[in-house]
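Breakdown of the fold
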Amino acid sequence: MSFTLAIVGRPNVGKSTLFNRLVGKRLALVDDTPGVTRDLREGDARLGDLRFVVIDSAGLELAEDDSLQGRMRRLTERAVEEADVCLFLIDARVGVTPADEIFADILRKKNAHVILAANKAEGNAGAAGALEAWSLGLGEPIALSAEHGQGLDDLYDILQPLADGFAARNVAQMPEVDVDLPEDLDEDAPIRMPTEARPLQLAVIGRPNAGKSTLINKILGEDRLLTGPEAGITRDAISVTKTFMGTPMRIWDTAGMRKKARVSDKLEKLSVADGLRAVRFAEVVVVLLDVNIPFEVQDLRIADFAETEGRAVVVAANKWDLEEEKTEKLKELRENFERLLPQLRGAPLVTVSAKTGKGLDRLHNAILKAYEVWNRRISTAKLNNWLGAMTEAHPPPAPGGRRIKLRYITQAKTRPPGFVIKATHTDQIPESYSRYLVNGLRADFDMPGTPIRLYFRDQGSTNPYKERQKSIPSRLTKHVEAKKHAARKDKGLPSKPKG
(Lines give C-alpha, C1' and ligand atoms only; values in the text may rest on other atoms or scores of the structure.)
Protein backbone atom coordinates (compact mmCIF):
# COMPACT_ATOMS: atom_id res chain seq x y z
CA MET A 1 0.00 0.00 0.00
CA SER A 2 1.75 3.14 -1.20
CA PHE A 3 -0.60 5.95 -0.05
CA THR A 4 -3.89 6.80 1.67
CA LEU A 5 -6.91 8.31 -0.11
CA ALA A 6 -9.70 9.96 1.92
CA ILE A 7 -13.12 10.41 0.28
CA VAL A 8 -14.91 13.48 1.67
CA GLY A 9 -17.92 15.60 0.81
CA ARG A 10 -21.40 16.60 1.94
CA PRO A 11 -23.78 13.86 3.12
CA ASN A 12 -25.38 11.72 0.42
CA VAL A 13 -23.05 12.60 -2.47
CA GLY A 14 -22.06 8.93 -2.99
CA LYS A 15 -18.89 8.57 -0.88
CA SER A 16 -19.72 5.10 0.46
CA THR A 17 -20.78 3.90 -3.00
CA LEU A 18 -17.40 4.93 -4.41
CA PHE A 19 -15.64 3.37 -1.39
CA ASN A 20 -17.35 0.03 -2.07
CA ARG A 21 -16.47 0.31 -5.76
CA LEU A 22 -12.75 0.81 -4.98
CA VAL A 23 -12.46 -1.99 -2.41
CA GLY A 24 -14.54 -4.36 -4.53
CA LYS A 25 -16.89 -5.28 -1.65
CA ARG A 26 -19.98 -3.87 0.02
CA LEU A 27 -18.18 -2.91 3.23
CA ALA A 28 -19.92 0.42 3.77
CA LEU A 29 -23.68 0.85 4.21
CA VAL A 30 -25.33 2.65 1.31
CA ASP A 31 -28.70 4.36 1.50
CA ASP A 32 -30.50 7.39 0.09
CA THR A 33 -30.81 8.80 3.62
CA PRO A 34 -28.07 11.40 4.38
CA GLY A 35 -25.74 10.66 7.30
CA VAL A 36 -25.71 6.84 7.20
CA THR A 37 -21.90 6.85 7.59
CA ARG A 38 -21.00 8.28 11.01
CA ASP A 39 -17.38 7.25 11.51
CA LEU A 40 -14.28 6.39 9.47
CA ARG A 41 -13.98 3.13 7.59
CA GLU A 42 -10.72 1.91 6.05
CA GLY A 43 -10.33 -0.56 3.19
CA ASP A 44 -7.68 -1.92 0.82
CA ALA A 45 -8.43 -0.38 -2.56
CA ARG A 46 -7.51 -1.56 -6.04
CA LEU A 47 -7.58 0.64 -9.15
CA GLY A 48 -5.76 -0.85 -12.12
CA ASP A 49 -2.26 -1.69 -10.88
CA LEU A 50 -2.54 0.78 -7.96
CA ARG A 51 -2.91 -0.55 -4.40
CA PHE A 52 -3.73 1.95 -1.67
CA VAL A 53 -5.74 2.50 1.52
CA VAL A 54 -9.07 4.27 1.03
CA ILE A 55 -10.99 5.95 3.87
CA ASP A 56 -14.75 6.45 3.76
CA SER A 57 -15.63 9.44 5.92
CA ALA A 58 -18.75 10.88 7.45
CA GLY A 59 -20.45 13.65 5.49
CA LEU A 60 -18.98 17.11 6.07
CA GLU A 61 -21.39 19.15 8.17
CA LEU A 62 -21.36 22.86 8.99
CA ALA A 63 -21.76 22.15 12.73
CA GLU A 64 -18.74 22.93 14.93
CA ASP A 65 -20.18 22.21 18.40
CA ASP A 66 -20.11 18.96 20.41
CA SER A 67 -23.21 17.59 18.73
CA LEU A 68 -23.07 14.36 16.74
CA GLN A 69 -22.68 16.34 13.52
CA GLY A 70 -19.86 18.39 15.06
CA ARG A 71 -17.98 15.29 16.19
CA MET A 72 -18.46 13.71 12.77
CA ARG A 73 -17.00 16.81 11.13
CA ARG A 74 -13.92 16.79 13.39
CA LEU A 75 -13.40 13.11 12.64
CA THR A 76 -13.53 13.77 8.91
CA GLU A 77 -11.13 16.71 9.20
CA ARG A 78 -8.67 14.45 11.01
CA ALA A 79 -8.90 11.93 8.17
CA VAL A 80 -8.18 14.75 5.68
CA GLU A 81 -5.08 15.80 7.63
CA GLU A 82 -3.74 12.24 7.85
CA ALA A 83 -4.46 11.20 4.26
CA ASP A 84 -1.92 11.61 1.45
CA VAL A 85 -4.63 12.43 -1.11
CA CYS A 86 -8.12 13.83 -0.58
CA LEU A 87 -10.95 13.12 -3.06
CA PHE A 88 -13.63 15.79 -2.69
CA LEU A 89 -17.01 14.64 -4.05
CA ILE A 90 -19.91 16.89 -5.00
CA ASP A 91 -23.30 15.87 -6.38
CA ALA A 92 -23.23 16.74 -10.11
CA ARG A 93 -27.04 16.68 -10.29
CA VAL A 94 -27.43 19.20 -7.46
CA GLY A 95 -24.51 21.37 -8.51
CA VAL A 96 -22.24 23.43 -6.23
CA THR A 97 -23.87 24.39 -2.93
CA PRO A 98 -22.74 27.03 -0.39
CA ALA A 99 -21.57 24.18 1.87
CA ASP A 100 -19.39 22.83 -0.96
CA GLU A 101 -17.73 26.23 -1.30
CA ILE A 102 -16.98 26.36 2.44
CA PHE A 103 -15.53 22.84 2.46
CA ALA A 104 -13.45 23.50 -0.66
CA ASP A 105 -11.83 26.41 1.16
CA ILE A 106 -11.06 24.15 4.17
CA LEU A 107 -9.54 21.44 1.96
CA ARG A 108 -7.22 23.89 0.21
CA LYS A 109 -5.68 24.70 3.61
CA LYS A 110 -5.52 21.18 5.01
CA ASN A 111 -4.28 18.90 2.24
CA ALA A 112 -1.71 19.43 -0.51
CA HIS A 113 -3.26 16.88 -2.88
CA VAL A 114 -6.98 17.48 -3.45
CA ILE A 115 -8.84 15.87 -6.36
CA LEU A 116 -12.28 17.25 -7.24
CA ALA A 117 -14.91 14.85 -8.59
CA ALA A 118 -18.53 15.43 -9.62
CA ASN A 119 -20.40 12.20 -8.82
CA LYS A 120 -23.71 10.97 -10.26
CA ALA A 121 -22.66 12.33 -13.67
CA GLU A 122 -23.85 9.40 -15.77
CA GLY A 123 -25.59 10.43 -18.98
CA ASN A 124 -26.25 14.16 -19.44
CA ALA A 125 -27.97 14.66 -16.09
CA GLY A 126 -24.85 15.92 -14.33
CA ALA A 127 -23.12 17.78 -17.16
CA ALA A 128 -24.10 21.24 -15.85
CA GLY A 129 -23.04 20.41 -12.30
CA ALA A 130 -19.66 19.10 -13.48
CA LEU A 131 -19.01 22.36 -15.35
CA GLU A 132 -20.11 24.40 -12.33
CA ALA A 133 -17.50 22.58 -10.16
CA TRP A 134 -14.76 24.60 -11.87
CA SER A 135 -15.85 27.55 -9.69
CA LEU A 136 -14.50 25.82 -6.55
CA GLY A 137 -10.92 26.56 -7.61
CA LEU A 138 -9.64 22.98 -7.11
CA GLY A 139 -8.67 22.34 -10.70
CA GLU A 140 -10.41 20.30 -13.38
CA PRO A 141 -13.24 18.18 -11.95
CA ILE A 142 -13.57 14.50 -12.84
CA ALA A 143 -17.02 13.41 -14.02
CA LEU A 144 -17.74 10.22 -12.05
CA SER A 145 -20.48 7.70 -11.60
CA ALA A 146 -19.66 5.58 -8.56
CA GLU A 147 -22.84 3.60 -9.11
CA HIS A 148 -21.88 2.55 -12.66
CA GLY A 149 -18.06 2.72 -12.43
CA GLN A 150 -17.70 5.52 -14.99
CA GLY A 151 -14.77 7.96 -14.83
CA LEU A 152 -12.46 5.69 -12.81
CA ASP A 153 -9.91 5.69 -15.64
CA ASP A 154 -9.62 9.49 -15.25
CA LEU A 155 -9.12 9.04 -11.49
CA TYR A 156 -6.37 6.50 -12.22
CA ASP A 157 -4.56 8.93 -14.55
CA ILE A 158 -4.37 11.50 -11.73
CA LEU A 159 -3.42 9.06 -8.95
CA GLN A 160 -0.74 7.15 -10.86
CA PRO A 161 2.02 9.84 -10.86
CA LEU A 162 1.20 10.70 -7.23
CA ALA A 163 1.55 7.03 -6.26
CA ASP A 164 5.09 6.90 -7.66
CA GLY A 165 6.10 9.81 -5.45
CA PHE A 166 4.56 8.27 -2.33
CA ALA A 167 6.22 4.92 -3.06
CA ALA A 168 9.61 6.63 -3.25
CA ARG A 169 8.87 8.42 0.04
CA ASN A 170 7.98 5.15 1.75
CA VAL A 171 11.17 3.49 0.53
CA ALA A 172 13.23 6.40 1.83
CA GLN A 173 11.57 6.27 5.26
CA MET A 174 11.58 2.49 5.76
CA PRO A 175 14.55 1.36 7.85
CA GLU A 176 16.89 -1.40 6.72
CA VAL A 177 16.08 -4.45 8.84
CA ASP A 178 17.14 -8.11 8.74
CA VAL A 179 20.19 -7.19 6.66
CA ASP A 180 22.01 -10.25 5.23
CA LEU A 181 25.73 -10.43 6.02
CA PRO A 182 28.38 -11.77 3.59
CA GLU A 183 30.32 -14.90 4.50
CA ASP A 184 33.62 -12.98 4.53
CA LEU A 185 32.37 -10.95 7.50
CA ASP A 186 34.59 -8.14 8.72
CA GLU A 187 33.52 -7.40 12.27
CA ASP A 188 35.80 -4.36 12.40
CA ALA A 189 34.06 -2.66 9.47
CA PRO A 190 32.33 0.51 10.70
CA ILE A 191 28.55 0.42 10.95
CA ARG A 192 26.44 2.90 9.01
CA MET A 193 25.97 5.91 11.25
CA PRO A 194 22.98 8.28 10.94
CA THR A 195 23.34 11.16 8.48
CA GLU A 196 21.19 14.10 7.40
CA ALA A 197 20.12 12.10 4.34
CA ARG A 198 19.31 8.93 6.36
CA PRO A 199 18.69 9.96 9.97
CA LEU A 200 18.24 7.52 12.83
CA GLN A 201 14.57 6.52 12.95
CA LEU A 202 13.26 6.83 16.52
CA ALA A 203 9.73 6.06 17.76
CA VAL A 204 8.52 7.17 21.19
CA ILE A 205 5.70 4.91 22.41
CA GLY A 206 3.86 4.36 25.66
CA ARG A 207 0.52 4.62 27.42
CA PRO A 208 -1.55 7.82 27.25
CA ASN A 209 -0.29 10.77 29.32
CA ALA A 210 3.16 9.26 29.90
CA GLY A 211 4.67 12.49 28.53
CA LYS A 212 5.71 11.49 25.02
CA SER A 213 4.88 14.79 23.29
CA THR A 214 6.41 16.79 26.17
CA LEU A 215 9.64 14.79 25.86
CA ILE A 216 9.86 15.36 22.10
CA ASN A 217 9.17 19.07 22.51
CA LYS A 218 12.08 19.23 24.97
CA ILE A 219 14.34 17.41 22.48
CA LEU A 220 13.25 19.80 19.69
CA GLY A 221 13.65 22.86 21.89
CA GLU A 222 10.22 24.19 20.87
CA ASP A 223 6.52 23.51 21.50
CA ARG A 224 6.00 21.71 18.20
CA LEU A 225 3.47 19.15 19.48
CA LEU A 226 0.26 19.78 21.39
CA THR A 227 0.50 18.84 25.08
CA GLY A 228 -1.73 19.06 28.14
CA PRO A 229 -2.88 17.24 31.27
CA GLU A 230 -5.60 15.34 29.40
CA ALA A 231 -4.73 11.81 28.26
CA GLY A 232 -4.89 11.11 24.54
CA ILE A 233 -4.30 14.58 23.04
CA THR A 234 -2.04 13.12 20.36
CA ARG A 235 -4.20 11.20 17.89
CA ASP A 236 -1.85 10.25 15.05
CA ALA A 237 1.80 9.39 14.54
CA ILE A 238 3.73 12.59 13.79
CA SER A 239 7.22 12.56 12.28
CA VAL A 240 9.69 15.36 13.09
CA THR A 241 13.30 15.55 11.85
CA LYS A 242 15.84 17.06 14.26
CA THR A 243 19.52 16.84 15.19
CA PHE A 244 19.50 15.60 18.79
CA MET A 245 22.83 16.31 20.51
CA GLY A 246 24.71 15.97 17.23
CA THR A 247 22.82 12.92 15.93
CA PRO A 248 20.36 13.40 13.01
CA MET A 249 17.08 11.72 13.92
CA ARG A 250 13.57 11.37 12.56
CA ILE A 251 11.41 11.15 15.67
CA TRP A 252 7.91 9.65 15.63
CA ASP A 253 5.53 10.80 18.35
CA THR A 254 2.68 8.32 18.66
CA ALA A 255 -0.76 8.31 20.19
CA GLY A 256 -0.97 6.63 23.58
CA MET A 257 -1.72 2.91 23.38
CA ARG A 258 -4.48 1.81 25.75
CA LYS A 259 -5.75 -1.67 26.44
CA LYS A 260 -7.95 -2.93 23.60
CA ALA A 261 -11.01 -3.01 25.84
CA ARG A 262 -10.58 0.72 26.47
CA VAL A 263 -10.10 1.67 22.83
CA SER A 264 -13.72 2.65 22.44
CA ASP A 265 -14.01 5.14 19.61
CA LYS A 266 -12.97 4.74 16.01
CA LEU A 267 -10.56 7.66 16.16
CA GLU A 268 -8.53 6.04 18.93
CA LYS A 269 -8.51 2.67 17.15
CA LEU A 270 -6.94 4.33 14.12
CA SER A 271 -4.48 6.10 16.43
CA VAL A 272 -3.25 2.83 17.95
CA ALA A 273 -2.82 1.31 14.49
CA ASP A 274 -0.83 4.40 13.48
CA GLY A 275 1.38 3.95 16.55
CA LEU A 276 2.12 0.37 15.59
CA ARG A 277 3.01 1.52 12.07
CA ALA A 278 5.44 4.05 13.62
CA VAL A 279 7.21 1.18 15.40
CA ARG A 280 7.71 -0.54 12.05
CA PHE A 281 9.22 2.67 10.64
CA ALA A 282 11.64 2.90 13.59
CA GLU A 283 15.13 1.55 14.18
CA VAL A 284 15.20 2.37 17.89
CA VAL A 285 12.05 2.44 20.04
CA VAL A 286 11.86 4.39 23.30
CA VAL A 287 9.24 2.87 25.61
CA LEU A 288 8.27 5.75 27.88
CA LEU A 289 6.94 4.82 31.33
CA ASP A 290 5.23 6.94 33.95
CA VAL A 291 7.49 6.42 36.99
CA ASN A 292 4.46 6.58 39.29
CA ILE A 293 2.73 3.61 37.60
CA PRO A 294 5.48 1.73 35.69
CA PHE A 295 5.35 -1.67 34.03
CA GLU A 296 1.61 -2.05 33.80
CA VAL A 297 0.34 -4.76 31.48
CA GLN A 298 0.07 -2.38 28.54
CA ASP A 299 3.66 -1.17 29.03
CA LEU A 300 4.85 -4.76 28.85
CA ARG A 301 2.81 -5.43 25.70
CA ILE A 302 4.22 -2.33 24.02
CA ALA A 303 7.82 -3.32 24.83
CA ASP A 304 7.18 -6.91 23.73
CA PHE A 305 5.67 -5.69 20.43
CA ALA A 306 8.79 -3.62 19.71
CA GLU A 307 11.01 -6.64 20.45
CA THR A 308 8.86 -8.91 18.28
CA GLU A 309 9.26 -6.45 15.39
CA GLY A 310 13.04 -6.74 15.86
CA ARG A 311 13.69 -3.13 16.90
CA ALA A 312 16.29 -1.93 19.39
CA VAL A 313 14.57 -0.91 22.64
CA VAL A 314 15.34 1.75 25.25
CA VAL A 315 13.15 2.00 28.35
CA ALA A 316 12.81 5.51 29.82
CA ALA A 317 11.11 6.28 33.15
CA ASN A 318 9.58 9.76 32.90
CA LYS A 319 8.54 12.29 35.59
CA TRP A 320 11.67 11.47 37.59
CA ASP A 321 11.69 15.01 39.00
CA LEU A 322 8.57 14.13 41.03
CA GLU A 323 10.17 11.07 42.66
CA GLU A 324 11.44 11.56 46.20
CA GLU A 325 13.04 8.17 47.02
CA LYS A 326 15.15 8.01 43.87
CA THR A 327 17.64 5.31 44.96
CA GLU A 328 15.00 2.86 46.15
CA LYS A 329 12.77 3.57 43.16
CA LEU A 330 15.58 2.98 40.67
CA LYS A 331 16.45 -0.35 42.32
CA GLU A 332 12.78 -1.37 42.18
CA LEU A 333 12.54 -0.40 38.49
CA ARG A 334 15.58 -2.47 37.55
CA GLU A 335 14.37 -5.54 39.46
CA ASN A 336 10.91 -5.36 37.86
CA PHE A 337 12.42 -4.82 34.43
CA GLU A 338 14.63 -7.93 34.69
CA ARG A 339 11.72 -10.01 36.00
CA LEU A 340 8.92 -8.84 33.70
CA LEU A 341 10.85 -8.41 30.42
CA PRO A 342 13.43 -11.22 30.29
CA GLN A 343 13.40 -11.09 26.48
CA LEU A 344 14.96 -7.59 26.75
CA ARG A 345 17.49 -8.50 29.44
CA GLY A 346 20.09 -5.76 29.77
CA ALA A 347 18.27 -3.16 27.63
CA PRO A 348 19.08 0.43 28.65
CA LEU A 349 16.87 1.78 31.44
CA VAL A 350 17.24 5.52 31.95
CA THR A 351 15.41 8.07 34.06
CA VAL A 352 14.32 11.38 32.53
CA SER A 353 12.18 14.40 33.20
CA ALA A 354 10.46 15.57 30.04
CA LYS A 355 9.32 18.68 31.88
CA THR A 356 12.76 19.89 33.02
CA GLY A 357 14.93 18.19 30.42
CA LYS A 358 17.07 16.42 33.01
CA GLY A 359 18.42 13.08 31.83
CA LEU A 360 18.23 13.83 28.09
CA ASP A 361 21.99 13.28 27.77
CA ARG A 362 21.61 9.80 29.29
CA LEU A 363 18.71 9.10 26.93
CA HIS A 364 20.77 10.17 23.90
CA ASN A 365 23.68 7.93 24.93
CA ALA A 366 21.33 4.99 25.53
CA ILE A 367 19.76 5.43 22.07
CA LEU A 368 23.17 5.41 20.37
CA LYS A 369 24.30 2.39 22.41
CA ALA A 370 21.14 0.46 21.48
CA TYR A 371 21.62 1.41 17.82
CA GLU A 372 25.25 0.24 17.86
CA VAL A 373 24.37 -3.12 19.46
CA TRP A 374 21.50 -3.54 16.97
CA ASN A 375 24.13 -3.30 14.20
CA ARG A 376 26.70 -5.55 15.96
CA ARG A 377 28.77 -7.98 13.85
CA ILE A 378 30.72 -10.97 15.22
CA SER A 379 33.24 -13.09 13.28
CA THR A 380 32.54 -16.78 12.66
CA ALA A 381 35.81 -17.84 14.34
CA LYS A 382 34.88 -16.12 17.61
CA LEU A 383 31.37 -17.53 17.49
CA ASN A 384 32.53 -21.14 17.06
CA ASN A 385 35.06 -20.84 19.89
CA TRP A 386 32.23 -19.50 22.03
CA LEU A 387 29.86 -22.32 20.97
CA GLY A 388 32.43 -24.95 21.97
CA ALA A 389 32.80 -23.42 25.42
CA MET A 390 29.02 -23.12 25.88
CA THR A 391 28.31 -26.76 24.93
CA GLU A 392 31.17 -27.98 27.12
CA ALA A 393 29.86 -26.05 30.11
CA HIS A 394 26.28 -27.16 29.51
CA PRO A 395 25.87 -29.95 26.90
CA PRO A 396 22.62 -30.14 24.93
CA PRO A 397 20.06 -32.69 26.17
CA ALA A 398 19.71 -36.17 24.70
CA PRO A 399 15.97 -36.75 24.23
CA GLY A 400 15.15 -40.41 23.68
CA GLY A 401 18.82 -41.29 24.02
CA ARG A 402 19.73 -39.38 20.83
CA ARG A 403 22.42 -36.86 21.54
CA ILE A 404 22.03 -33.39 20.00
CA LYS A 405 25.24 -32.06 18.44
CA LEU A 406 25.75 -28.35 17.74
CA ARG A 407 28.35 -28.38 14.98
CA TYR A 408 28.70 -24.84 13.61
CA ILE A 409 27.47 -21.25 14.14
CA THR A 410 27.68 -18.13 12.00
CA GLN A 411 26.05 -14.71 11.98
CA ALA A 412 23.69 -14.43 9.02
CA LYS A 413 21.96 -11.11 9.67
CA THR A 414 22.21 -7.83 11.51
CA ARG A 415 19.65 -5.13 12.43
CA PRO A 416 18.84 -7.12 14.61
CA PRO A 417 21.62 -9.73 14.98
CA GLY A 418 20.60 -13.15 13.64
CA PHE A 419 22.61 -16.37 14.00
CA VAL A 420 22.37 -19.77 12.29
CA ILE A 421 23.45 -22.95 14.12
CA LYS A 422 23.96 -26.20 12.19
CA ALA A 423 22.94 -29.09 14.44
CA THR A 424 21.46 -32.58 14.59
CA HIS A 425 17.91 -33.35 15.74
CA THR A 426 16.97 -29.65 15.66
CA ASP A 427 13.31 -30.47 16.26
CA GLN A 428 14.28 -31.87 19.67
CA ILE A 429 16.13 -28.77 20.95
CA PRO A 430 14.11 -27.38 23.87
CA GLU A 431 13.22 -23.71 24.18
CA SER A 432 15.15 -23.50 27.47
CA TYR A 433 18.42 -24.43 25.73
CA SER A 434 17.78 -21.84 23.02
CA ARG A 435 17.33 -19.20 25.75
CA TYR A 436 20.58 -20.38 27.36
CA LEU A 437 22.44 -19.71 24.10
CA VAL A 438 20.75 -16.32 23.52
CA ASN A 439 21.59 -15.17 27.05
CA GLY A 440 25.18 -16.34 26.50
CA LEU A 441 25.41 -14.29 23.31
CA ARG A 442 24.14 -11.22 25.16
CA ALA A 443 26.60 -11.62 28.03
CA ASP A 444 29.73 -12.71 26.17
CA PHE A 445 29.50 -10.37 23.18
CA ASP A 446 28.09 -7.31 24.97
CA MET A 447 24.69 -7.26 23.27
CA PRO A 448 22.35 -6.20 26.09
CA GLY A 449 18.69 -5.69 25.34
CA THR A 450 18.71 -6.00 21.57
CA PRO A 451 16.48 -8.66 19.96
CA ILE A 452 18.55 -11.72 18.99
CA ARG A 453 17.28 -14.19 16.41
CA LEU A 454 18.58 -17.77 16.64
CA TYR A 455 17.87 -20.22 13.79
CA PHE A 456 18.66 -23.96 13.94
CA ARG A 457 19.38 -25.81 10.70
CA ASP A 458 19.44 -29.62 10.59
CA GLN A 459 22.80 -30.84 9.29
CA GLY A 460 22.16 -34.58 9.81
CA SER A 461 24.83 -37.28 10.22
CA THR A 462 28.28 -36.93 8.65
CA ASN A 463 29.26 -40.65 8.94
CA PRO A 464 30.88 -41.59 5.57
CA TYR A 465 30.17 -45.31 6.14
CA LYS A 466 26.47 -44.81 6.83
CA GLU A 467 25.24 -45.93 3.38
CA ARG A 468 27.91 -48.62 3.12
CA GLN A 469 26.88 -50.12 6.46
CA LYS A 470 23.28 -50.26 5.36
CA SER A 471 24.24 -52.22 2.24
CA ILE A 472 26.17 -55.03 4.08
CA PRO A 473 23.10 -56.94 5.34
CA SER A 474 21.63 -56.76 1.85
CA ARG A 475 24.72 -58.39 0.23
CA LEU A 476 24.88 -61.05 2.97
CA THR A 477 21.23 -61.98 2.42
CA LYS A 478 21.78 -62.42 -1.32
CA HIS A 479 24.84 -64.65 -0.66
CA VAL A 480 22.93 -66.95 1.72
CA GLU A 481 19.98 -67.25 -0.69
CA ALA A 482 22.34 -68.19 -3.53
CA LYS A 483 23.93 -71.04 -1.49
CA LYS A 484 20.48 -72.41 -0.56
CA HIS A 485 19.42 -72.34 -4.21
CA ALA A 486 22.57 -74.27 -5.31
CA ALA A 487 22.09 -76.92 -2.59
CA ARG A 488 18.47 -77.60 -3.61
CA LYS A 489 19.50 -77.86 -7.26
CA ASP A 490 22.17 -80.50 -6.45
CA LYS A 491 19.52 -82.61 -4.72
CA GLY A 492 17.16 -82.33 -7.69
CA LEU A 493 14.65 -80.28 -5.72
CA PRO A 494 12.79 -77.24 -7.09
CA SER A 495 14.53 -73.88 -6.48
CA LYS A 496 11.75 -72.80 -4.11
CA PRO A 497 9.94 -75.10 -1.71
CA LYS A 498 6.17 -75.47 -2.32
CA GLY A 499 3.65 -74.08 0.16
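These remarks concern the structure in this document. (Residues numbered from 1 in each chain as written. Predicted model: local features only at pLDDT ≥ 70, side-chain atom pairs only at ≥ 80, totals over all residues. Heavy atoms only, no water.)

1. Regarding the packing of aromatic side chains
Per the counting criterion, the structure on display carries six aromatic pairs. For the ring pair Tyr371 and Trp374, a centre distance of 6.5 Å and an interplane angle of 40° mean the geometry is tilted. Here Tyr371 pairs with Trp374, and both are found in helix α10 (residues 360-374), just three residues apart, close to one helical turn. Like Trp374, Tyr371 is buried. (Phe/Tyr/Trp six-rings, centres within 6.5 Å; stacked < 30°, edge-to-face > 60°. Helix = DSSP H or I, 4+ residues; strand = E, 2+ residues; numbered from the N terminus. Buried < 20%, exposed > 50% of the residue type's maximum accessible area, 1.4 Å probe, protein only.)

2. Considerations on the sheet that holds strand β4 (residues 85-91)
Hydrogen bonds along the backbone pair up the strands of a sheet, which may run parallel or antiparallel. Read across the sheet, six strands follow the order β2-β3-β1-β4-β5-β6 without closing on themselves; strand pairing throughout is mixed. Every other strand in the sheet has two partners, leaving β2 (41-47) and β6 (142-143) as the edge strands with one partner each. Across seven bridges, the pairing between β2 and strand β3 (residues 50-56) is antiparallel. In the strand pairing of β3, Ala45 is matched with Phe52. Of the strands in this sheet, β1 (4-9), β2, β3 and β4 touch helix α1 (residues 15-23), which is tilted by about 55° from β2. Most of the contacts of helix α3 (residues 98-110) go to β4, to which it runs at about 170°, and overall it touches β1, β4 and β5 (114-119). (Pairing = 2+ DSSP bridges. Contact = heavy atoms within 4.5 Å. Axes fitted to C-alpha atoms, helices over the stretch in contact; angles between N-to-C directions.)

3. Some points on the sheet that holds strand β7 (residues 179-180)
Reading across the sheet, the four strands line up as β7-β14-β15-β16 and stay open at both edges, with mixed pairing between neighbours. Only two strands of the sheet have a single neighbouring strand rather than two, namely β7 and β16 (453-458). In terms of strand pairing, strand β14 (residues 406-414) meets strand β15 (residues 418-423) through six bridges, oriented antiparallel. The residue bridging Ile409 from the neighbouring strand is Ile421, located in β15. Sheet strands touched by helix α12 (residues 431-444): β14, β15 and β16. Its angle to β16, the strand with the most contacts, is close to 130°.

4. Considering helix α8 (residues 297-308)
With 12 residues, α8 should cover 16 Å at 1.5 Å per step; its first-to-last C-alpha distance of 16 Å lies within 8% of that length. Of the residues making up α8, those classed as buried are Gln298, Asp299, Leu300, Ile302, Ala303, Phe305, Ala306 and Glu307. (Expected span 1.5 Å × (residues − 1).)

5. Section: a negative patch on the surface
On the surface, a cluster of negative charge is made up of Glu324, Glu325, Glu328, Glu332 and Glu335. Position of Glu325 relative to the elements: it lies in the loop between β12 (312-318) and α9 (326-340). Among the residues examined, Glu325 registers a relative accessible area of 54% and is labelled exposed. (Patch = residues over 30% accessible without salt bridge, like charges linked within 9 Å, V, L, I, M, F, W, Y side chains within 5 Å. Areas by Shrake-Rupley, 256 points an atom, 1.4 Å probe, with all protein chains shown as cover. Salt bridge = Lys/Arg side-chain N within 4 Å of Asp/Glu carboxyl O. Lys, Arg positive; Asp, Glu negative; His and termini not counted. Charge placed at Lys NZ, Arg CZ, Asp CG, Glu CD.)

6. As for the environment of Asn20
Relative to the elements of secondary structure, Asn20 occurs in helix α1. A sequence separation of 127 residues divides Asn20 from Glu147, and the C-alpha atoms of the two residues are 9.6 Å apart.

7. Some thoughts on the pairing of β14
Bridge count for β7 against β14 is two bridges, and the pairing is antiparallel. Residue pairing for β14: Asp180 is matched across the bridge by Lys413. Between β14 and β15, which pair antiparallel in sequence order, lie three residues; one of them, Arg415, sits at a positive phi of approximately 60°.

8. What about the pattern of salt bridges?
Taken as a whole, this structure holds 13 salt bridges when the rule is applied. Of the charged contacts in the structure, one is a salt bridge between Asp91 and Lys120, with a shortest N-O distance of 3.3 Å. One end of the pair, Asp91, is in strand β4; the other, Lys120, is in the loop between β5 and α4 (127-132), with 29 residues separating them in the sequence. Asp91 sits in the buried class, given a relative accessible area of 8%. Asp180 is the partner of Lys413 in a salt bridge, and the nearest nitrogen-oxygen pair spans 2.5 Å.

9. What about the packing of helix α11 (residues 380-393) against α12?
It is at 11 Å that the axes of α11 and α12 come closest, and there the two elements cross at 130°. By the angle between their axes, α11 is oblique relative to α12. You can see that α11 and α12 cross each other, and the crossing is right-handed. The residues of α12 that touch α11, namely those facing Leu383, Trp386, Leu387, Met390, Thr391 and Ala393, are Tyr433, Tyr436, Leu437, Gly440, Leu441 and Asp444. For the contact of α11 with α12, the class distribution of residues is nine nonpolar, two polar and one charged. (Parallel < 35°, antiparallel > 145°, perpendicular 65-115°, else oblique. Left-handed = near helix turned anticlockwise from the far one by under 90°. Nonpolar A, V, L, I, M, F, W, Y, C, P; charged D, E, K, R; others polar.)

10. Notes on unusual backbone geometry
Trans peptide bonds make up most of the peptide bonds, and negative phi angles are found at most residues other than glycine. In this chain, Arg415 is followed by Pro416 through a cis amide linkage whose omega measures 0°. Its place among the elements puts Pro416 in the loop between β14 and β15.

11. Some words on the pairing of β4
Most of β4 is tucked away: seven of the seven residues are buried. Residues Val85, Leu87, Leu89 and Asp91 of β4 are buried on one face, and the alternating residues Cys86, Phe88 and Ile90, pointing to the opposite face, are buried as well. Summarising the sheet, β1 and β4 pair through five bridges and their orientation is parallel. Bridging from a neighbouring strand, Leu5 pairs with Val85 of β4.

12. Here's the deal with the environment of Ala303
Inspection of the secondary structure assignment puts Ala303 in helix α8. Along the backbone, Ala303 and Val313 are 10 residues apart, and their C-alpha atoms lie at a distance of 7.5 Å. Residues in contact with Ala303, not counting those within four places in the same chain, are Val287, Leu341 and Leu344.

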